[in-house]
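Below, each chain spelled out in residue letters.
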Amino acid sequence: MIKKSLLPLILFSFAGSLAHAGFIGGDEKGNGGSVIYCENRFESQRYEVLDLFEAREIQTFEMDVIEGIEYKKILREMIARLADINPTRASLYYSFLETFDREALFLKGTEFTDIPDRGWGALPKGCTLVQGAVQYKRPSIKGHRYYFNKDVWDRMTNTQRSALVLHEFIYREGLQPENNFQTSNGVRLMNGFLHSTMMRDVTLPQYIDLLQRSGLQLADANGYHILLHSGQEAGRGQSYRVAFNDMGIITLATLARSFYLYGPGGRPMPVHCGTAQESAPERGGGVITFWPSGKVKHILMSCTSAGFVLRSKEAIGQATASELIYNEQGLLSQIKTLQLELNHVDYSLRSTRPGGYVTFYQSGEPSQVCIGNYYADHQRSWIRDSTGEGAIVAQSGHDTFGLALDGRIYESLKSRCGFPQ
């Protein structure tokens, strides 16, 4: 069979089945998956993905590969290793697998041109490196993203095939603007780690260290999406601190720009910061801290705010807030408001300025509402006494005084309105 070069084949594809980078914008970079070929090995061992060789020989990992008769089944099991410690990334790679068949093209009788994206590496003596796959950030006109050398693929074991595809999935994430990979070093490290015994009992500090070394941006911590760096594509790379206590429990991190927080009564609420302006410095969604139990303790959002509905038997209202405090059970106990409005059967409270506070019962119902120097105590105002009278409470200095609805001062509560001092 006549051999041909991938590059002329792709150039020809504008009239055929493939599209070259030049035809889809001219700024695409091919990103390859490298395979070691060793003629002196047994036939079934002649082809090995570079990532696995480096993991075993350079990183000195103890390997934990999976054998099987179907590479996709192996691949699913490999992705499943991420499910507990990093469910968001596992879901991402599963989504890549769902579209893989229609995005992959296997080329027979083809010599792939070398992609200089490997960075430093090593090879076994007497072996050579061949290009097993090429990936483009933007699919071709026909929707092809991955190109595989079928002559190499057909001689690989299912374990090696799975590893090569997983390499491409990790690289696909690495090519996203927030990661902006220029070499495959981080891809190979991540792929090798996933194929090692290290994944059996990896701790969150170890896993975060792996992601930081690999250059991948996003992680999960106790159900929250967190950010490890930003600004890579714009050349304003910034790393974010992740803190752990002596027991290896995470205590502080930077939230991703999209995440779920837990509102009153433990209800999940999606939060999205939106797209930052091109001229503005990129930043995360805010800072999150955790109790020693791993439950969320405090969230201070930096790029947006969250909206809350305030509802009780006798009042309904709404508030926006950027600062949230949680109790040791991980339930929202208090928010610091930016805007707040409350309509009670007997009165209305409204503020368009920051500085208000709302505290909550564990059920999610508001227990106290503070606007400026005024707040309503749920147990005194919203749950009426036998006389049927309610109360509004006003703050003066360090003391808080109760006001009847007609303005009469009736009790000093000796407490502060808002966050504990």
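Residues numbered from 1 in each chain as written. Predicted model: local features only at pLDDT ≥ 70, side-chain atom pairs only at ≥ 80, totals over all residues. Heavy atoms only, no water.

Below, the discussion takes up the overall build of the protein. Looking only at helices and strands, the protein features 10 helices and 27 strands. Counted over contacts in the protein with a minimum sequence separation of 6, partners at least 24 positions apart contribute 57%. By element, 51% of the accessible surface of the protein is carried by carbon and sulfur atoms, the whole surface being about 20,500 Å². (Helix = DSSP H or I, 4+ residues; strand = E, 2+ residues; numbered from the N terminus. Contact = heavy atoms within 4.5 Å. Areas by Shrake-Rupley, 256 points an atom, 1.4 Å probe, with all protein chains shown as cover.)

Now for the packing of aromatic side chains. Per the stated rule, a full pass over the model turns up 15 aromatic pairs. With a centroid separation of 5.0 Å and an interplanar angle of 90°, the aromatic rings of Y71 and W153 are classed as edge-to-face. Remark: W153 occurs in helix 6 (residues 150-153) and Y71 occurs in helix 3 (residues 71-80); sequence separation between them is 82 residues. By the burial criterion, Y71 is buried, and W153 matches it. A ring pair is formed by Y146 and F169, whose centres lie 6.1 Å apart and whose planes are at 55°; its orientation type is tilted. In this pair, Y146 is assigned in strand 7 (residues 146-149) and F169 in helix 7 (residues 158-174), connecting sequence segments 23 residues apart. No difference in accessibility class separates Y146 from F169, as the two residues are buried. One cation-aromatic arrangement involves K297 over W291; the distance from NZ or CZ to the ring centre is 4.7 Å. (Phe/Tyr/Trp six-rings, centres within 6.5 Å; stacked < 30°, edge-to-face > 60°. Buried < 20%, exposed > 50% of the residue type's maximum accessible area, 1.4 Å probe, protein only. Lys NZ or Arg CZ within 6 Å of the ring centre and 35° of its normal.)

Within the element layout of this structure, D51 appears in helix 2 (residues 50-57). In this structure D51 is buried but unpaired, with R188 as the nearest side chain of opposite charge at 4.9 Å. Within polar-contact distance, the side chain of D51 engages the side chain of H167 at 2.7 Å. Those residues in contact with D51 that lie beyond four places of it in its chain are H167, V187, R188, N191 and G192. (Lys, Arg positive; Asp, Glu negative; His and termini not counted. Salt bridge = Lys/Arg side-chain N within 4 Å of Asp/Glu carboxyl O. Polar contact = N/O pair within 3.5 Å; in protein donor to acceptor, adjacent residues only side chain to side chain.)

So, about the pattern of salt bridges. All chains considered together, the criterion is met by 13 salt bridges. Residue R213 is joined to D209 by a salt bridge in which the shortest nitrogen-to-oxygen separation is 2.7 Å. Within this pair, R213 and its partner D209 are both found in helix 9 (residues 204-214), separated by four residues, close to a single helical turn. With relative accessibility at 32%, the residue D209 sits in the partly exposed group. One salt-bridge network, in which partners are shared between bridges, spans E48, R56 and E57.

We now examine the state of the cysteines. Evaluated as defined, the whole model comprises two disulfides. Covalent S-S linkage joins C38 and C127, the inter-sulfur distance amounting to 1.9 Å. Negative torsions about the S-S bond denote left-handed disulfides, and the value of about 115° found for C38 with C127 makes this one right-handed. Note that C38 is positioned in the loop between strand 2 (31-37) and strand 3 (47-49) and C127 in the loop between strand 5 (110-111) and strand 6 (128-135), a separation of 89 residues in sequence. The pair C38 / C127 is uniform in exposure class, with both members buried. (Disulfide = S-S within 2.5 Å.)

This part covers the nonpolar core. F169, L261 and I299 are the most contacted members of the largest nonpolar core, which totals 82 residues. Here this core gets seven residues from one element, more than from any other, and that element is helix 7. Not counting residues within four places of it along the chain, the set of residues in contact with L261 comprises Y224, R267, P268, M269, V271, I299, M301, A306, L324 and Y326. (Core = buried A, V, L, I, M, F, W, Y, C linked by side-chain atoms within 4.5 Å.)

Tracing the sequence through the fold places G364 in the loop between strand 22 (356-360) and strand 23 (366-371). Judged by relative accessible area, which is 10%, G364 ranks as buried.

Structural measurements only, silent on function.
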